[in-house]
Amino acid sequence: KIRDLQRQLHIAKGGQENVDDLSRNLIQAQKDLLKEKVKVEALTDELENPMNVHRWRKLEGSDPDAYEMIQKIHILQKRLLLKTEEVVKKNSSIQE
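Definitions and limits used
- Residues numbered from 1 in each chain as written.
- Predicted model: local features only at pLDDT ≥ 70, side-chain atom pairs only at ≥ 80, totals over all residues.
- Heavy atoms only, no water.
- Helix = DSSP H or I, 4+ residues; strand = E, 2+ residues; numbered from the N terminus.
- Buried < 20%, exposed > 50% of the residue type's maximum accessible area, 1.4 Å probe, protein only.
- Areas by Shrake-Rupley, 256 points an atom, 1.4 Å probe, with all protein chains shown as cover.
- Salt bridge = Lys/Arg side-chain N within 4 Å of Asp/Glu carboxyl O.

Draft legend 1. Structural detail: the overall build of the chain. Summing up its helical and strand segments, the chain has 2 helices and 0 strands in all. Counting every position in the chain, which comprises 96 residues, the buried fraction comes to 0%. Per element, the accessible surface of the chain, about 10000 Å² overall, is 60% carbon and sulfur.

This is the structure we're talking about:
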């Protein structure tokens, strides 16, 4: 009977060590989860409200023809915007 009780005690101690390890692992996993949630929240905020808006810079390629074409596209887009504004003004004056 004493051997049986000793065996049960040994099993219980081993189980307790296992529970302690599992609880430590659980606490560490919860800490890691909290860190990741904070990272996600910070990145989400940064995406919604960018702090460093000047980090993107225009790159000029080594191909001068392509760069000239891009410049022409920008000029034409600006002209298109100006013409669109003029049309809107003329339409509003016609409506009146």
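Draft legend 2. Here's a closer look at the pattern of salt bridges. Inspection of every chain in the model, using the stated rule, returns 1 salt bridge. Here Lys 39 makes a salt bridge to Glu 36, at a shortest N to O gap of 3.6 Å. Placement of both Lys 39 and Glu 36 in helix α1 (residues 2-48) is noted, with a separation of 3 residues, approximately one turn of the helix. On the accessibility criterion, Lys 39 (48% relative accessible area) is partly exposed.

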